[in-house]
Amino acid sequence: MTYNYLPLDKCFLTFEQVKNYLRYDQLVSITFAAHEDIMKCRHYLDEKLKNSDELFYGINTGFGFLQNVKIEKEQLQQLQTNLLLSHACGLGEEVPAPIVKLMLMLKIKSLSYGYSGVGIELVKRLMDMHNNDVLPVIYTQGSLGASGDLAPLSHMSLPLIGLGEVIWKDEKISSESALQDLNWAPLQLQSKEGLALINGTQFMSAYGIYNLIKAEKLFEWANIISAISFDAFNCNPDCLYQKLHQVRTHAGQEFVAGELRKILQGSEIVSTKKLQVQDPYSFRCIPQVHGAAKDAFDFVLKTFLVEINSVTDNPIIFPDEDKIVSGGNFHGEPLAFALDFLTIAISEIANISERRTYQLLSGERELPLFLVKNPGLNSGLMIPQYTAAAIVSENKQLCTPASVDSISSSNNQEDHVSMGANAATKCLRVLENVEKVLAIELLVALQALEYRRPLRSSGKIEEITSAFRKQVSFNENDRVLQTDLKEAILFIRKNEM
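Note that the structure is a prediction, hence the values are computed from the model and not measured.

Undergrad: So what's going on with the overall build of the chain? Which residues, and what values?
TA: Secondary structure summary: the chain contains 18 helices and 9 strands in total. Overall size of the chain, expressed as C-alpha extent along the three principal axes, is 85 × 50 × 50 Å. Taking all 497 residues of the chain together, the buried fraction comes to 56%. Approximately 21500 Å² of the chain is accessible, and the part contributed by carbon and sulfur atoms is 53%. In the chain, 47 side chains carry a positive charge and 59 a negative one; their mean positions are 6 Å apart.

Undergrad: Outline the pattern of salt bridges, listing residues and values.
TA: Counting across every chain of the model gives 27 salt bridges. The partner of Lys48 in a salt bridge is Asp322, with the nearest N and O atoms 3.0 Å apart. Of this pair, Lys48 sits in helix H2 (residues 32-51) while Asp322 sits in the loop between strand S8 (316-318) and strand S9 (323-325), placing them 274 residues apart in sequence. For Lys48, a relative accessible area of 18% puts it in the buried group. Across the salt bridge formed by Arg365 and Asp279, the nearest N and O atoms sit 2.9 Å from each other. Pair noted here: Arg365 is in the loop between helix H14 (333-360) and helix H15 (382-398) and Asp279 is in the loop between helix H11 (251-264) and helix H12 (281-284), with a separation of 86 residues, a long-range link.

Undergrad: Requested: an account of the side chain of Ser191, with residues and values cited.
TA: Within the secondary structure, Ser191 sits in the loop between helix H7 (175-182) and helix H8 (193-198). The contacts of Ser191, once residues within four sequence positions are left out, are Arg42, Leu45, Leu49, Ile59, Leu76, Gln80 and Gly117.

Undergrad: Tell me about the nonpolar core, and name the residues and values.
TA: By size, the foremost hydrophobic cluster in this structure holds 152 residues, and its most contacted members are Met105, Leu212, Ile228 and Ile346. No other element matches helix H16 (residues 420-450), which puts 19 residues into this core. Setting aside anything within four residues of it in sequence, one finds Met105 in contact with Leu6, Leu8, Leu13, Tyr21, Val28 and His130.

Undergrad: Report on the pairing of strand S1 (residues 5-8), specifying residues and quantitative values.
TA: Two faces, one strand: in a regular strand the side chains alternate between the faces of the sheet. Side chains of S1 alternate between two faces, with Leu6 and Leu8 buried and Tyr5 and Pro7 left unburied. The pairing of S1 with strand S2 (residues 27-30) spans 4 bridges and is parallel. Each bridged residue has a counterpart across the sheet, and for Pro7 the counterpart in S2 is Ser29. Crossover handedness for the path S1 to helix H1 (residues 15-23) to S2: right-handed.

Undergrad: A description of the sheet that holds strand S6 (residues 165-168) should follow, citing residues and the corresponding values.
TA: Spatially, the 3 strands line up as an open sheet ordered S4-S6-S7, and their pairing is antiparallel. Strands with a single pairing partner mark the edges of an open sheet, and in this sheet they are strand S4 (135-136) and strand S7 (171-174). Two elements, S6 and S7, share 4 bridges in a ladder whose sense is antiparallel. Bridge pairing in S7 links Trp168 to Glu171. With respect to the sheet, H7 is in contact with S6 and S7, its orientation differing from that of S7 by roughly 95°.

Undergrad: So what's going on with helix H6 (residues 150-157)? Residues and values would help.
TA: Burial runs high along H6: 8 of the 8 residues are buried. Taken residue by residue, H6 has Leu150, Ala151, Pro152, Leu153, Ser154, His155, Met156 and Ser157 as its buried positions.

Undergrad: I'd like a rundown of empty space enclosed by the protein, residues and numbers included.
TA: Enumeration over the complete set of coordinates arrives at 2 cavities of 30 Å³ or more. Volume-wise, the largest cavity comes out at about 50 Å³. Considering the residues around the largest cavity, the lining is formed by Leu106, Ser110, Thr201, Gln202, Ser205, Glu307, Ile308, Ser310 and Thr312. Elements with a minimum of two residues in the lining of the largest cavity: helix H4 (97-111), helix H9 (202-232) and helix H13 (286-308). Split into classes, the residues belonging to the lining of the largest cavity amount to 2 nonpolar, 6 polar and 1 charged. Roughly 40 Å³ of internal volume is contained in the second largest cavity. Around the second largest cavity, the lining residues are Leu381, Leu443, Gln447, Arg469, Val472, Ser473, Asn475, Arg479 and Asp484. Residues belonging to the lining of the second largest cavity are distributed by class as follows: 3 nonpolar, 3 polar and 3 charged.

Thresholds applied
- Residues numbered from 1 in each chain as written.
- Predicted model: local features only at pLDDT ≥ 70, side-chain atom pairs only at ≥ 80, totals over all residues.
- Heavy atoms only, no water.
- Helix = DSSP H or I, 4+ residues; strand = E, 2+ residues; numbered from the N terminus.
- Buried < 20%, exposed > 50% of the residue type's maximum accessible area, 1.4 Å probe, protein only.
- Areas by Shrake-Rupley, 256 points an atom, 1.4 Å probe, with all protein chains shown as cover.
- Lys, Arg positive; Asp, Glu negative; His and termini not counted.
- Charge placed at Lys NZ, Arg CZ, Asp CG, Glu CD.
- Salt bridge = Lys/Arg side-chain N within 4 Å of Asp/Glu carboxyl O.
- Contact = heavy atoms within 4.5 Å.
- Core = buried A, V, L, I, M, F, W, Y, C linked by side-chain atoms within 4.5 Å.
- Pairing = 2+ DSSP bridges.
- Right-handed = clockwise from strand over helix to strand, strands pointing away.
- Axes fitted to C-alpha atoms, helices over the stretch in contact; angles between N-to-C directions.
- 1 Å grid on protein atoms, 1.4 Å probe; cavity = no way out; pocket = protein on both sides within 12 Å on 5 of 7 lines; lining within 4 Å.
- Points joined across faces, edges and corners; volume = space filled by probe spheres on them.
- Nonpolar A, V, L, I, M, F, W, Y, C, P; charged D, E, K, R; others polar.

Now the structure itself:
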C-alpha cells in the first residue's frame, strides 16, 4: 500500500504541498468529507431539475449567447456531450505533462468542494486518469482566460467520454484505445457535468503554479550566480551592509542582501582592499533589483494560492441555501495581472544578469578581455554575451502585458476577457529564457573567477565551482561554446542549491 497521496477537499492547499506533489509524483484522492459534499450537491441538483421548470444556465439552457434557449430534459445529457465536442478547438503546442497533471489535480480539487453539481463517478474517473498517468493531449492556444479555460479544459475532458487523445505509457494514442486497454467504459455525462469540467481557471492556474515553482528556483540561482559575479569582478562589499538595507525596509531587498552576505562569507577576494568606491549598478544594486522581483513573486504566489483553493466554475450550486447562482468566478483577471507581473519581474533578473556578463568580459578589474588568453587569436566568451543579449531582447518583447488586451466573443455576450492564458504560456517562455541567460552568466563568472587565483572565494562558491568544472572545463582556447552553454543550463536545472 502506498501512502504517497495528496488529499483533496476544502482544506487549504499550500505551495509546499504542491511542490511535494510534483517532486514525489504523488497520487491524488478526495477525502471522505469531499465525497459526501459532492454526493450531496449532485442529489440536490437532481431533485431541483426533477421538481422545477426553472431555467438554470448551462444546465437546461444553451451556452453563452444561447443562454435563453431552453433544453428539454431528455436532451440534457446530449447537451453536455455537445459542449465538449464543440469547445475542443485548441491549437498550438502540446501542454507539458507536468502541467497537464496539475490541471487534472486542480480540477479535482475544485470539484471536491461540492458546489459544482457533478456526480461522484466523474470525479473518480478524473482521479483514475491522473493516478494511472493517462494524460489528455491539451493544446496551448484557444483560451481567452474568461468563461473558463474552455478549449484546453475541453481537451482535458474529452477522454472521459472516449474521445480525443492521451499520452499513456509514453505514447500518444486515441482515448478510445486507452479506455479499451484499461477496461474503462466511456462516461455518459449528466446535466451540468460538461459545464463544470470546462468552466474554470485550471489551465491558467496550473501554468501559474508551475511557473512559480520554476521561478522560485531561478531566483535562488540568480542570487548565487550574481554573488559569483560579484566576487569575480572584485566588487566592494559595502553595498551589502546590513543597515543600509534596513533603512529602506523592502522585505525582498533585505532578504537578497542577506543571502549575498551569506553566500560570500569567508571569501578571500571580498576581504581584499578595493580601489573603487562604487561598482556598476548591475553589481551594486543586486539587492534592490533581485529584491523587487522577490517581492513581486510573493504577491503572485499569494494570488495563485487563493485561486487554487477556490471554486471557479459557473453556475455555482449552494444546496444549503437552495440557490443555483450564475456569476463570473471563471474570469481570469486576477491571474492575468499576476502572470504579467511575474513575467516582467523575472525578465528583469535576466536583464541585470546580462549586464553583469557584459562587465565581466570588458577587460576591466585586471581581467583579460573576453576572459581568454591571447584575445584576438581567441574570441573567448565574447559571443555568449551576444546570445544573452538576444534572449533578453526577446524577453522584453514578450513582456508586453497580455492583460491589457481583450476581445469580444460569443456574439458580444462575453465582451471582456482577461487573456490570462496567453499571459500564462508566455510567462513560461520567459522563464525558460531567464534560465539560459543565468546559465551564460554562470559560465562567464566562473571563468572570470579563475583569474583571481590563488585567492579563493567562499566555501559555497568554491563548492559550486568544483561541481561545475566536472561538467565544463576552463576555457583555454576557442572551442564550440554551444556545448558549454547546454551543460551550464543542465547544471542549473538539475542542481538544488
